[in-house]
Protein chains: 2
Amino acid sequence: MAVRFELVTTDPTGARAGVLHTRRGSIPTPVFMPVATHASFRHLGMEEIKATGSKILLSNTYHLMLKPGIDVFRRFKGIHPFMQWDGAVLTDSGGFQIFSLPEDRLITEKGAHFRSFHDNSRQLLSPESSIAMQQAINSEVMMVLDVCIDSRTDEAGTREAMERTHRWALRSLAAKNQVDTGQALFAIVQGGVHPHLRDESAGFLTQHPFDGFAIGGLAVGETNEERKTMTARAASQLPQDKPRYLMGVGTPTDLLEAVLRGVDMFDCIIPTKMAQQGYAYTFQGLVRITRQAFRLSDEPLDPTCDCYVCKRYSRGYLQHLMSGKHHTGSRMLSVHNVHHYQVLTWKMRDAILRGSYAQAYRELKQAVATPKDLKDAQLEAGANAVTLKEVG
Amino acid sequence: MAVRFELVTTDPTGARAGVLHTRRGSIPTPVFMPVATHASFRHLGMEEIKATGSKILLSNTYHLMLKPGIDVFRRFKGIHPFMQWDGAVLTDSGGFQIFSLPEDRLITEKGAHFRSFHDNSRQLLSPESSIAMQQAINSEVMMVLDVCIDSRTDEAGTREAMERTHRWALRSLAAKNQVDTGQALFAIVQGGVHPHLRDESAGFLTQHPFDGFAIGGLAVGETNEERKTMTARAASQLPQDKPRYLMGVGTPTDLLEAVLRGVDMFDCIIPTKMAQQGYAYTFQGLVRITRQAFRLSDEPLDPTCDCYVCKRYSRGYLQHLMSGKHHTGSRMLSVHNVHHYQVLTWKMRDAILRGSYAQAYRELKQAVATPKDLKDAQLEAGANAVTLKEVG
């Protein structure tokens, strides 16, 4: 096996603590993977990413295929020497990017035909070419190419995309098995917001020797409640002894919800994106650092945080940097936010190991609640354990 | 004395090796000061600046006065705790920024009246308010407010600006002496491109107890030859036992020329600005890293460089980052370029200590020559030690 998942404990809630053993280190789960789209973080250096406690990062097959291109990864023998990262890497397949492409893409049974936005060259991203590219990248975990659709697609359209996703998953598996590179391959459960399609997708894919299973096609237009229901439904159909990865999700609150539903792995651009917009996640809620009120503050972003930014810099200095749109400000907030996500996963794991995730979930949801979370909770009043009264 | 300058050796050429002793460390000279305009480098963190070997940085009174404002520096007890820099700081006075302001500024004997581009508030930058701001910043070295003009101004206009600069220098000195903050104050020699005015300015200012002397009003429109002549002329009028600082200069070649003429201190945005544009200075000439030719190169930027970028990253990876306009690329080139400048100053100092600056000057000029340097040398053929034949 290219990766081995060790399930350490399942909490009474169903939340799981495990270890994902890879050739580049053993990774405690739940785990958050920060996103290095272009074999680079927007503001963070490799040393900074390491200092956040991150052990696995995500990079993007679609973008790396177009630039710098497969020949560069072959020349450098993979992404690790190229970007000087000695931790693990998961590569997405490009399915989500194809979905987001402008109109002039053509998706056939063979794959996605489109033109490079860099040089207008013709490109084909197929299950086989995606695997070839991911083999050149030499990630620890490859993803199958899937057909990603808007969550609001009707059932017939959702079924069609799901069935093609299944055929592409088997083609990806066959392509991967052509040569043993020591890389793992995860399949992606689709099925939109239709519970029986999610069941069918999980049922089909788990019959094949994939190393793990992702839940895809969420965070693309569905309601919060639909996302939670579909996550729970898909996770319940997946084997206990394989890792479960919820793609592209989410906020700290989303992570708490998904872990409650049995998910082990996450990736998201939110912590770095929010940093660029001047927001810091803390265990006392969201901090908009550009507020004038922070000009004279010599307090750290989060007094409970031990990231190097909180250990050294004041809110006043960060206010100065971010209100002046200085890159070093975005970088410091990114370091803090990614570290915050990692600490959140560690707190969840500790609670799961103690069998007290239910309590940790309630407490952490209150601690990390953002104004949007509060509004969502109000909208879903009664359907959710956290009410405005509780968090107020 | 707030700073003490120890002249260690004067080379037969007139090049000087010294030590500037400050309350935040002893700084070997010649020294290059990287520019942290807004109490922040555009791409570099404090640890990175330290790793380049920089021991003193420059920050900008004009910008810091407008944002974050004097109250912030009073609250944080100066720039060092604010930006978490424990090395030395020199603050310019704002004279150059006033010169660069749009038309609606009004310069009177009192000072410069203008409106803040942040909030349109009325501002006065006078010798006294500049000193007050620099005292709040708590830099090791303050600069007097000077009247900076275009080098091509006629003699009458140049004299008028010079004489006001002298009056303002004395007002700055008086303001500084109101309270002993332990900070040094440097005067600024003006006089444009008129040798006898340069003599007069140096003659006047050196009669007063300034801690050092800057050569100002260069790099603002004069020819290379004028700059070199004026630098030599002003330097020759300055006392041996005080540091000499050539403001806002320059390229590696400019530093070599100015040290030859007896200058000790420099600041310039060129190394970081060029980094943002994809250029790396090396001892094998200038490298434009965005060239396609570097895509597959696993060589470092400069094989003789021991900065962390050259020790870890390939030209191929830097080509990828810079051609994709990723901030981390600008940051890596900035680290390298600032480190290159520091290594250049160390090489010059070593040669001066050995009494062999003439030879080092010739060799280093060839090693760092850029296409522009070659063109300039051609234009000045005969007037310059380096000819195209030598460097070709």
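It should be emphasised that the depicted structure is a prediction, and the values quoted were computed from it without experimental measurement.

What counts, and where the lines are drawn
- Residues numbered from 1 in each chain as written.
- Chains lettered and ligands numbered in written order.
- Predicted model: local features only at pLDDT ≥ 70, side-chain atom pairs only at ≥ 80, totals over all residues.
- Heavy atoms only, no water.
- Helix = DSSP H or I, 4+ residues; strand = E, 2+ residues; numbered from the N terminus.
- Rg over C-alpha atoms; globule rule 2.2 N^0.38 Å.
- Buried < 20%, exposed > 50% of the residue type's maximum accessible area, 1.4 Å probe, protein only.
- Contact = heavy atoms within 4.5 Å.
- Areas by Shrake-Rupley, 256 points an atom, 1.4 Å probe, with all protein chains shown as cover.
- Lys, Arg positive; Asp, Glu negative; His and termini not counted.
- Charge placed at Lys NZ, Arg CZ, Asp CG, Glu CD.
- Pairing = 2+ DSSP bridges.
- UniProt positions renumbered as here; feature names shortened; annotations may be inferred.
- Axes fitted to C-alpha atoms, helices over the stretch in contact; angles between N-to-C directions.
- Least-squares fit on C-alpha atoms with pLDDT ≥ 70 in both.
- Salt bridge = Lys/Arg side-chain N within 4 Å of Asp/Glu carboxyl O.
- Phe/Tyr/Trp six-rings, centres within 6.5 Å; stacked < 30°, edge-to-face > 60°.
- Lys NZ or Arg CZ within 6 Å of the ring centre and 35° of its normal.
- Buried area = accessible area lost by both parts, 1.4 Å probe.
- Polar contact = N/O pair within 3.5 Å; in protein donor to acceptor, adjacent residues only side chain to side chain.
- Nonpolar A, V, L, I, M, F, W, Y, C, P; charged D, E, K, R; others polar.
- Right-handed = clockwise from strand over helix to strand, strands pointing away.
- Domains from an automatic or database assignment.

**Section: the overall build of chain A**
Piece 1. What chain A contains, in helices and strands, is 17 helices and 16 strands.
Piece 2. Taking 392 residues into account, the globule formula puts the C-alpha radius of gyration at 21 Å, and chain A, at 21 Å, falls close to it.
Piece 3. Taken over 392 residues, chain A has a buried fraction of 61%.
Piece 4. Pairs at least 24 residues apart make up 68% of the contacts formed inside chain A by residues separated by at least 6 positions.
Piece 5. A total of about 14800 Å² of accessible surface is found on chain A, and carbon and sulfur atoms cover 51% of it.
Piece 6. A gap of 5 Å separates the mean positions of the 45 positive and 41 negative side-chain charges of chain A.

**Re the sheet that holds strand E7 (residues 106-107) of chain A**
What holds strands together in a sheet is hydrogen bonding between their backbones, with the strands either parallel or antiparallel.
All names here are of chain A.
Piece 1. In spatial order, the strands read E7-E8-E9; together these 3 strands make up an open sheet with antiparallel pairing. In this open sheet, the two strands that pair with only one neighbour each are E7 and strand E9 (122-125).
Piece 2. Note that E7 and strand E8 (residues 112-115) share 2 bridges and pair antiparallel. Note on E8: the bridge partner recorded for leucine 106 is histidine 113.

**Looking at the UniProt feature "binding site: Zn(2+)" (unreviewed entry) in chain A**
Residue and element names in this part refer to chain A.
Piece 1. The feature "binding site: Zn(2+)" (unreviewed entry), as annotated in UniProt, sits at Cys305, Cys307, Cys310 and His336 in this numbering. In three dimensions, the annotated residues from a span of 32 residues occupy one location, with a maximal C-alpha spread of 8.4 Å.
Piece 2. Mapped onto the secondary structure, cysteine 307 falls in the loop between strand E16 (285-288) and helix H12 (308-312).
Piece 3. In this structure cysteine 307 comes out as buried when scored by relative accessible area, which is 3%.
Piece 4. Tracing the backbone shows cysteine 310 in helix H12.
Piece 5. The exposure class of cysteine 310 is buried, given its relative accessible area of 8%.
Piece 6. Apart from the residues lying within four places of it in its own chain, the contact partners of cysteine 310 are Pro300, Leu301, Asp302, Cys305 and His336.

**So, the sheet that holds strand E12 (residues 212-215) of chain B**
All names here are of chain B.
Piece 1. Across the sheet, 8 strands lie side by side as E4-E14-E13-E12-E11-E10-E6-E5; this open sheet has parallel pairing. At either end of the open sheet lies a strand with only one pairing partner, and these are strand E4 (31-33) and strand E5 (56-60). With direction set aside, neighbouring strand axes in the sheet form an average angle of 25 degrees.
Piece 2. Packing against the sheet, helix H8 (residues 195-205) makes contact with strand E11 (184-189) and E12, and its axis sits at approximately 155 degrees to E11.

**Topic: the relation of the copies chain A and chain B**
Piece 1. With an axial shift of 0.0 Å and an RMSD of 0.0 Å, the rotation relating chain A to chain B amounts to 180 degrees. One copy is carried onto the other by what is essentially a two-fold rotation axis. Identified as the residue of chain A closest to the rotation axis by C-alpha distance is His327(A), at 4.0 Å.
Piece 2. Both copies contact each other with a shared surface, as 100% of the interface residues of chain A are interface residues in chain B too.

**Some details on the pattern of salt bridges**
A side chain of one charge can pair with a side chain of the opposite charge when the charged atoms of the two come close.
Piece 1. All told, the structure shown has 46 salt bridges over all chains when counted by the stated rule.
Piece 2. For Glu222(A), the salt bridge goes to Arg227(A), with nearest N and O atoms at 3.1 Å. Neither residue differs from the other here; Glu222(A) and Arg227(A) are each classed as buried.
Piece 3. Here Arg75(B) and Asp298(A) are joined by a salt bridge, their closest N and O atoms 3.4 Å apart. Residue Arg75(B) is located in helix H3 (residues 70-76), and its partner Asp298(A) is located in the loop between E16 and H12; the two belong to separate chains.
Piece 4. Bridged by salt links that share partners, the residues Glu48(A), Arg331(A), Glu48(B) and Arg331(B) form one connected network.

**Observations concerning the packing of aromatic side chains**
Piece 1. Summed over the entire model, instances satisfying the criterion amount to 20 aromatic pairs over all chains.
Piece 2. Each ring, one from Tyr313(A) and one from Tyr317(A), has its centre 5.5 Å from the other, and the planes form 20 degrees; the classification is stacked.
Piece 3. For Tyr317(A), a relative accessible area of 2% gives the class buried.
Piece 4. Taken together, the ring pairs in this structure connect Phe73(A), Phe76(A), Phe82(A), Tyr313(B) and Tyr317(B) into an aromatic cluster.
Piece 5. The positively charged end of Lys347(B) is found above the aromatic ring belonging to Phe283(B), 4.9 Å away from the centroid.

**Regarding the interface of chain A and chain B**
Piece 1. Each partner contributes to the interface: chain A provides 38 residues, whereas chain B provides 38 residues.
Piece 2. Broken down residue by residue, the surface that chain A buries against chain B is led by Tyr317(A), His320(A) and His327(A), which jointly contribute 17%.
Piece 3. At the boundary of chain A with chain B, the tally comes to 8 salt bridges.
Piece 4. One salt bridge connects Glu47(A) with Arg312(B), and the closest N-O pair in it is separated by 2.3 Å.
Piece 5. The tally of links between chain A and chain B comes to 24 residue pairs in polar contact (both at pLDDT 80 or more).
Piece 6. Sort the elements by how many residues they give to the side of chain A that touches chain B and helix H13 (residues 315-323) of chain A lands first, with 5 residues.
Piece 7. Among the residues making up the side of chain A that touches chain B, the classes are represented as 13 nonpolar, 15 polar and 10 charged.

**Points about the UniProt feature "binding site: substrate" (unreviewed entry) in chain A**
All names here are of chain A.
Piece 1. Taken from the UniProt record, the annotation "binding site: substrate" (unreviewed entry) applies to Asp92, Ser93, Gly94, Gly95, Phe96, Asp146, Gln190 and Gly217.
Piece 2. By relative accessible area, which is 10% here, aspartate 92 ends up buried.
Piece 3. On the secondary structure map, glycine 95 appears in helix H5 (residues 95-100).
Piece 4. The exposure class of glycine 95 is buried, given its relative accessible area of 3%.
Piece 5. Setting aside its immediate chain neighbours within four residues, glycine 95 contacts Leu145, Asp146 and Cys148.

**Here we look at the side chain of Thr272(A)**
Piece 1. Residue Thr272(A) is classed as buried on the basis of its relative accessible area, which comes to 15%.
Piece 2. Sequence-distant contacts of Thr272(A), that is, excluding residues within four places in its chain, are made with Leu44(A), Ser334(A) and Val338(A).

**Concerning the pairing of strand E11 (residues 184-189) of chain A**
Residues and elements named next belong to chain A.
Piece 1. Burial analysis of E11 places 6 of its 6 residues in the buried class, which makes it a mostly covered element.
Piece 2. On E11, burial covers both faces: Ala184, Phe186 and Ile188 on one face and Leu185, Ala187 and Val189 on the other are all buried.
Piece 3. In terms of strand pairing, strand E10 (residues 141-143) meets E11 through 3 bridges, oriented parallel. Residue valine 141 lies in a different strand from E11, and its bridge partner there is alanine 184.
Piece 4. For E11 and strand E12 (residues 212-215), the ladder comprises 4 bridges, and the chain directions are parallel. Note that in E12 the partner of valine 189 across the bridge is isoleucine 215.
Piece 5. With respect to chirality, the unit in which E11 leads through helix H8 (residues 195-205) into the neighbouring parallel E12 is right-handed.

**Focus on the domain arrangement of chain A**
Residues and elements named next belong to chain A.
Piece 1. When cut into domains, chain A gives domain 1 (4-265) and domain 2 (274-391).
Piece 2. The C-alpha centroid of domain 2 is placed 26 Å from the C-alpha centroid of domain 1.
Piece 3. Facing 36 residues of domain 1, the contacting portion of domain 2 comprises 34 residues.
Piece 4. The largest contributions to the domain 1 side of the interface with domain 2 come from His43, Pro252 and Leu256, which together make up 23% of the buried area.

**Some thoughts on the environment of Arg233(A)**
Piece 1. One can find Arg233(A) in helix H9 (residues 224-236).
Piece 2. Residues Arg233(A) and Arg198(A), spaced 35 residues apart in sequence, show a C-alpha to C-alpha distance of 7.0 Å.

**Some thoughts on the pairing of strand E9 (residues 122-125) of chain B**
Residue and element names in this part refer to chain B.
Piece 1. Side chains of E9 alternate between two faces, with Gln123 and Leu125 buried and Arg122 and Leu124 left unburied.
Piece 2. The sheet contact formed by strand E8 (residues 112-115) and E9 spans 4 bridges and is antiparallel. Residue pairing for E9: phenylalanine 114 is matched across the bridge by glutamine 123.

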